[in-house]
Every structure is written in structure tokens, then in C-alpha cells.
Amino acid sequence: MPETLSPQQARKLILHAQRLPAGRQTTKPISATLAAIEALGYVQIDTISAIERAHHHTLWNRTSTYQPQHLEQLVEQKQVFEYWAHAAAYLPMSDYRYTLVRKAALQSGELAHWYPRNNKLMADVLARITAEGPLMAKDFDKDEAVIKRKPADWASKPAKRALEYLFMQGDLMIAKRANFHKVYDLTERVLPYSVNTSIPSDDAYFRFLITRFLSANGLGKASEIAYLRKNSKSAIQKELNAMLEEKSLIKVTVAGESYVTLTEQLETLERPIKRNKLHILSPFDNLLIQRKRMQALFNFDYLLECYVPQAKRQYGYFSLPILWDTNLVARMDCRVDRKTKILHIHHLVLEANLQKTAAFHLALQQSLTAFLIFNQCDEYVLHKTTHLS
């Protein structure tokens, strides 16, 4: 019979796997940042800058000594690289070979990119980078100006499309960023010589996806592991069954739902959660990516409303979920005014499940002190508070 976990135990398992809260730090700050990326498997990159960007925000929540320059340094040291997880992300270099499956599928045409390929333009772009060294999309603007009245597909920066296609299929890597703009170079000039570049077998690949997901997320099911990986669910389920048979995985049930977990992860249930620690999370935090999962396991219905027309927003443009103890108990819509160095909390919404509000506000005040420093602000202004019933 599967082991039964209470919802609170399930959340505890998940939060320990997610390093929320982070454990005691015993290594150098940049080593702690690398360890966090390796534990999570990826950190999503996002361009929204209402507050500090998502990739920095996610890592700041996992290590107390995190500094934004760590990512730049780790890319330069070739210990992390940019590629695609469920979205654009930083990944540990140790996982590089498992990106080759997607790259090979794009090269062969088995997997379609989100726009048509232009083989001639891709060849021209690759030739320029081969000859000239690392280039950004804007370095091709002059070429595009010459032919801007040519076929319609040139109207939306085709060189940038070619760069992205070459990047996604593995011919190029992002060597660094300059003012957040990608700098592309040949893969063989970026990739460390020691990295394994053999394409894993199907069994090895799906086993990697399962192990990586569960080690970072505590427990899961085939549909969650296959999230945004087209036509992979049945293959993942097959490998899950094999791993259950060999007892490297164990079945658990939570509120009548069936999940699997790595056998060794149940040991983390013996470790306490720091109940007074509060986390202000990014909307793109690894914990929150799968909204249905958050609804099922945390009873938290979350939608990032920056993509919703203003008139239809309920909580605000950039509402940050707040984790306290093992529950998501609030959300606050924030924006930094960088000229005045003020963090504007336009709307703080307390969930109906929030009890002991005095203790919560004390924990929030303590976390806001650190959050201000992280966002290079001197003070905050709270404009509105709502307690849902």
C-alpha cells in the first residue's frame, strides 16, 4: 500500500527539496549559489523588472549571501549555462548533455521551433560569428537595414530569429550577457572540454527527468514531470513504473491523490521547518511554476496578473506570493521606484487561511528589511491591505 502523507507533510517534503528555507550556509557565497542552482535544476530567467528580476529573486530566497553578480561569474567560469527548461533558464553545466535531446530533435525537424527556420540566413549568421567572434542581435541590425524592404519575414528581426534557432539547436551558446543582452558564440568556444556531449538514451533521459524533478520538488506525478514536454508523459510513466519496481521510488498519497517520491526523501520529514521564517517569492519561483500543483498541494490559487488587462486584475500587476511556515498565506503587489529608492506595496492581500496575523506581520516586517536591501531600496510604502474572508 502507498504511504499516506498529510497535506502538511507533503508541503514539508516539497519545501525541504526546494530549499525553503535555505539550510545553514558553510561554503563561499558563490559556491552556495551554484549549489542552489544544482539543487533546483534550473532557475528561470525573466525580463520583468517591477522589482529585482526573477532569476536573482529565486536565488536570493535560497542563499542568504546571494549577489546578482554570482550568475555572471558562474557563466564566465562555465559552471552554469543558459538554455531552455520549461522557459529560458540558467542550468548547471553538469546537466548539459541532457539538453542535447531537445537540440537533436530541433536539428532533425522532429521538434518544431515557434517560427520557421531560414537555413540560408542561419548559415550566414553562423559564418559571421565563426569569423568575428561573439556577437549580439544588434550587431546584425546593419545587415537587416540593407534588406528591410525585402520579403516580409525580414520585418521582425530575422537575424535574431536565426540566432535563437542556432542557439536552441545547439550550434551557439550564450557566452555572457551585456546589459542583459545575449552575447552568442560558437558552442565549441564556450563549452568546457570536460563536459560529456554524448546524447543519452531514451531510458537514461527520462530517468534523468524523473530524478531531477523529484529531487528538486519532493514528490510528483508523471503529468507534472512531463510539464510542457510534448509527447513525453507515456514514456515518463513507463520509466516511473520501472523505478517503482526496482524500489528507487515509492508511492505516496496526499488527500487521495497518488504521487511518487525518491525513497531517501522521506527522511526529510524528520527535519523541522523554521516556522518563523517568511519568504517573499517571485511569481517565477520554481515552487510556483505549476499552478495546478500549487492549488492541489498548497490550496493556493495563483495567477500572475501582469498579463491580464488592468480592469480585470484582482490583486495587482506583479503580485508576489508569500510563504510562511508551510503555507502560502498572502500576496503583495510590488513595484520599485528606482529614482526614489522606495518599494511600493500597492496591495497586500492576506489569505483566508492566515491565522495569528500579529505574528505574521512581525515575520513580514523582518523579511521586508532584507527585501528592501535586495531591491536597493531605503523604505517601503504600504498603500492597501485586504484580508480575504
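Above this note sits the structure.
Residues numbered from 1 in each chain as written. Predicted model: local features only at pLDDT ≥ 70, side-chain atom pairs only at ≥ 80, totals over all residues. Heavy atoms only, no water.

Peer 1: Would you take a moment to explain the overall build of the chain for this structure?
Peer 2: Within the chain one finds 14 helices and 14 strands. Scaling as 2.2 N^0.38, a compact globule of 389 residues should have a C-alpha radius of gyration of about 21 Å, and the chain matches this with 22 Å. With respect to the three principal axes, the spread of C-alpha positions in the chain is 65 × 60 × 45 Å. Counting the 389 residues in the chain, one finds 52% classified as buried. Counted over contacts in the chain with a minimum sequence separation of 6, partners at least 24 positions apart contribute 65%. As displayed, the chain has an accessible area near 19600 Å², and 51% of this comes from carbon and sulfur atoms. (Helix = DSSP H or I, 4+ residues; strand = E, 2+ residues; numbered from the N terminus. Rg over C-alpha atoms; globule rule 2.2 N^0.38 Å. Buried < 20%, exposed > 50% of the residue type's maximum accessible area, 1.4 Å probe, protein only. Contact = heavy atoms within 4.5 Å. Areas by Shrake-Rupley, 256 points an atom, 1.4 Å probe, with all protein chains shown as cover.)

Peer 1: Just checking my understanding: could you explain the packing of aromatic side chains for this structure?
Peer 2: Ring pairs (aromatic) are described by centroid distance and by the angle formed between their planes. Across all of its chains, the model carries eleven aromatic pairs by this definition. When the centroid spacing of 5.6 Å and the interplanar angle of 65 degrees are considered together, the rings of tyrosine 83 and phenylalanine 167 count as edge-to-face. Placement of the pair is tyrosine 83 in strand β3 (residues 80–84) and phenylalanine 167 in helix α8 (residues 158–168), with a sequence separation of 84 residues. Among the aromatic residues, ring-to-ring pairing joins Trp60, Phe371 and Phe374 into one connected group. In this structure, arginine 128 is placed above the aromatic ring of phenylalanine 140, and the distance from its NZ or CZ to the ring centre is 4.6 Å. A cation over a ring is seen here: lysine 221 above tyrosine 259, with NZ or CZ 4.7 Å from the ring centre. (Phe/Tyr/Trp six-rings, centres within 6.5 Å; stacked < 30°, edge-to-face > 60°. Lys NZ or Arg CZ within 6 Å of the ring centre and 35° of its normal.)

Peer 1: How should I be thinking about the pattern of salt bridges in this particular structure?
Peer 2: Any two side chains of opposite charge can pair, so long as their charged atoms come close to each other. For the coordinates displayed, the defined rule picks out 13 salt bridges. Across the pair arginine 177 and glutamate 82 runs a salt bridge whose closest N-O atoms are separated by 2.7 Å. Taken together, the residues span a long stretch of sequence, with arginine 177 in strand β5 (residues 172–178) and glutamate 82 in strand β3 at a distance of 95 residues. The residues arginine 177 and glutamate 82 share a single accessibility class, namely buried. The partner of glutamate 132 in a salt bridge is arginine 128, with the nearest N and O atoms 2.9 Å apart. Of this pair, glutamate 132 and arginine 128 both sit in helix α6 (residues 119–132), four residues apart, roughly one helical turn. Taken together, the shared-partner salt bridges in this structure form one network comprising Arg207, Glu239 and Glu246. (Salt bridge = Lys/Arg side-chain N within 4 Å of Asp/Glu carboxyl O.)

Peer 1: Just to check I follow, could you spell out the sheet that holds strand β8 (residues 257–262) for this structure?
Peer 2: Across a sheet, strands are paired by hydrogen bonds formed along the backbone, either parallel or antiparallel in direction. In space, the three strands of this open sheet follow the order β1-β7-β8, with mixed pairing throughout. Two strands bound the open sheet, and with one partner strand each, they are β1 (3–5) and β8. Averaged over all pairs of adjacent strands, the angle between their axes in this sheet comes to 40 degrees, without regard to strand direction. Judged from the three bridges that link them, β1 and strand β7 (residues 249–254) form a sheet pairing that is parallel. If you follow leucine 5 over to β7, its bridge partner there is valine 254. (Pairing = 2+ DSSP bridges. Axes fitted to C-alpha atoms, helices over the stretch in contact; angles between N-to-C directions.)

Peer 1: Looking at this model, I keep getting lost on α6. Mind explaining?
Peer 2: In an α-helix, one turn spans 3.6 residues; hence positions three or four apart end up facing the same way. The end-to-end C-alpha distance of α6 is 20 Å, a good match for the 20 Å that 14 residues give at a rise of 1.5 Å each. Those residues of α6 that sit buried are Leu121, Met122, Val125 and Ile129. Mapping the buried residues of α6 onto a view down its axis gives an arc of 100 degrees, with all of them on the same face. Of the exposed residues in α6, those oriented more than 90 degrees away from the buried face are Asn119, Lys120 and Ala131. Elements that come into contact with the buried residues of α6 comprise α8, β5, β6 (181–186) and α9 (187–190). (Expected span 1.5 Å × (residues − 1). Arc of directions from axis to C-beta.)

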